[in-house]
Amino acid sequence: MDLKEAANQLGVHYQTAYQWVREGRLHAEKIGSTYRIDEGDLQHLIEERSKPSPPPKEMRVRDWVAQQEKLLNHLLVGEELLARVQIQRLADGKVPVIDVCENLLSPVLTEIGDRWANGTLTIAEEHRASAIVERSLANLMLSPSGRPKGVVIVATPPGDEHSLPATMATAALRNNRWITHHLGTQVPALDLVKISKDTEADLVVLTVTNPDARQAAVEVEETLDNYNIAHVSGGMGSKLRDLLESVNALAKGD
Ligand code: B12
């Protein structure tokens, strides 16, 4: 058969089939200006393509600083695709979400914050970088299969617009098999109470990054206490490992 027919049977564009011939992936004989493909060779390639692709190899990151420099460079110039591919590779390589957050994203965001604070980065550049990180995190938010440990609510208190740390907390919790209702930022205390009751949540996690929101956080905590709702708060520099330790202790009934 000719290459056009072979491409049809493979379900690919003619140009793709031609590329495969050039790469030696599809054996073809050139007769004059046309290519002839043997039926057996075509079937062989169709079978090869129908096999499931092997699972991605597990990855161990040896040099987090190099990863940080690479991501920072992508973020500083707004290279969203490269940043997302970098983060996705780590996720595909089964690098723990906590490590991606604490060894890569947090240090890079801290550097971006420092550059903003000392005037070497504009607000626009900072916003662009954090928005890319926010979108990259979406792919880390999935839960593995297995019996859930319980239900958790994650939010920031009124006055705290820093959604990224709360998103990271959610990613860590979900990866740890907690059903996690991610409410984003600035949730009023009584609404937190209501949703905690509605979802029969075991715990509320408050993420407080803006120091000016600390008083509001205390007020939210007091309200949750009044309704006997368990809660735990963490701020800038708090570790996700400590968060998981607190919630996992709850699952064990400590
Ligand atoms: C991005 C950013 C913003 C973005 C947020 C966008 C978004 N979608 O999140 C925007 C532009 C909205 C913003 C606004 C402001 N920001 Co800002 N921001 C940042 C920046 C660069 C990154 C924040 C971040 O995500 N950090 C990385 C996090 C993930 O690191 P982390 O704190 O270690 O987080 C861990 C813990 O939180 C833990 N965790 C989460 N939940 C829980 C729960 C528990 C129980 C535990 C144990 C752990 C835990 O998990 C995280 C991952 O490891 C920081 C820089 C920095 N150093 O962080 C400044 C920074 C936090 N911002 C700062 C400031 C000043 C502001 C503004 C006041 C600026 C202004 N004048 O308007 C406003 C405040 C707005 C408000 N009302 O909240 C300052 C705060 C200074 C201070 N005194 O501490 C910082 C430090 C910048 C700086 N170097 O000066 N900001």
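The shown structure was predicted, so the numbers you read here are calculated from the model rather than taken from an experiment.

A word on unusual backbone geometry
Part 1 of the reasoning: At Lys94, a residue that is not glycine, the phi angle is positive and equals roughly 60°.
Part 2 of the reasoning: Mapped onto the secondary structure, Lys94 falls in the loop between helix 5 (80-92) and helix 6 (97-117).
Part 3 of the reasoning: Lys94 gets classed as exposed once you look at its relative accessible area, which sits at 55%.
Part 4 of the reasoning: Its identity is not glycine, yet Glu200 carries a phi of approximately 50°, on the positive side.
Part 5 of the reasoning: With relative accessibility at 66%, the residue Glu200 sits in the exposed group.

Quick notes on the sheet that holds strand 3 (residues 150-155)
Part 1 of the reasoning: Strand order in the open sheet formed by 4 strands is 4-3-5-6, and the pairing between neighbours is parallel. The open sheet is flanked by strand 4 (178-182) and strand 6 (231-235), the only strands paired with a single partner. Here the strands of the sheet are splayed against their neighbours by 25° on average, with no regard to which way each runs.
Part 2 of the reasoning: One ladder, built from 4 bridges, connects strand 3 with strand 5 (residues 203-208); its direction is parallel.

Describing the pairing of strand 6
Part 1 of the reasoning: Note that strand 5 and strand 6 share 5 bridges and pair parallel. Bridge pairing links Val205 to Val232 in strand 6.
Part 2 of the reasoning: Taking the sense of rotation as the criterion, the β-α-β connection linking strand 5, helix 10 (residues 214-226) and strand 6 turns out right-handed.

A word on the site of the ligand
Part 1 of the reasoning: In the vicinity of the ligand lie 36 residues, with Glu134, Glu161, His162, Ser163 and Thr207 positioned nearest.
Part 2 of the reasoning: Contacts to the ligand include Gly113, whose backbone N or O atom sits 3.3 Å from a nitrogen atom.
Part 3 of the reasoning: At 2.8 Å from a nitrogen atom of the ligand is found a side-chain nitrogen or oxygen belonging to His162.
Part 4 of the reasoning: In terms of residue count, helix 6 provides more of the shell around the ligand than any other element does, 8 residues in total.
Part 5 of the reasoning: Tallied by class, residues from the shell around the ligand come to 13 nonpolar, 16 polar and 7 charged.

A word on the domain arrangement of the protein chain
Part 1 of the reasoning: Looking at the assigned domains, one finds that the protein chain contains domain 1 (3-50), domain 2 (64-139) and domain 3 (144-252).
Part 2 of the reasoning: Summarising the inter-unit geometry, the C-alpha centres of domain 2 and domain 3 are found 23 Å apart.
Part 3 of the reasoning: Tallying the contact residues gives 12 residues for domain 2 and 12 residues for domain 3.
Part 4 of the reasoning: Here domain 2 meets domain 3 over a buried area of about 1,000 Å², counting both sides, of which 69% is carbon and sulfur.
Part 5 of the reasoning: Where domain 2 meets domain 3, there are 1 salt bridge.
Part 6 of the reasoning: In this structure, the salt-bridge partner of Arg241 is Asp99, at a minimum N-O distance of 2.9 Å.
Part 7 of the reasoning: For the pair domain 2 and domain 3, the number of links is 4 residue pairs in polar contact (both at pLDDT 80 or more).
Part 8 of the reasoning: When residues of the side of domain 2 that touches domain 3 are traced back to their parent elements, those giving at least two are helix 6 and helix 7 (123-137).
Part 9 of the reasoning: Among the elements that line the side of domain 2 that touches domain 3, the one with the most residues is helix 6, at 8 residues.

Calculation rules
Residues numbered from 1 in each chain as written. Predicted model: local features only at pLDDT ≥ 70, side-chain atom pairs only at ≥ 80, totals over all residues. Heavy atoms only, no water. Helix = DSSP H or I, 4+ residues; strand = E, 2+ residues; numbered from the N terminus. Buried < 20%, exposed > 50% of the residue type's maximum accessible area, 1.4 Å probe, protein only. Pairing = 2+ DSSP bridges. Axes fitted to C-alpha atoms, helices over the stretch in contact; angles between N-to-C directions. Right-handed = clockwise from strand over helix to strand, strands pointing away. Near = heavy atom within 4 Å. Polar contact = N/O pair within 3.5 Å; in protein donor to acceptor, adjacent residues only side chain to side chain. Nonpolar A, V, L, I, M, F, W, Y, C, P; charged D, E, K, R; others polar. Domains from an automatic or database assignment. Contact = heavy atoms within 4.5 Å. Buried area = accessible area lost by both parts, 1.4 Å probe. Salt bridge = Lys/Arg side-chain N within 4 Å of Asp/Glu carboxyl O.

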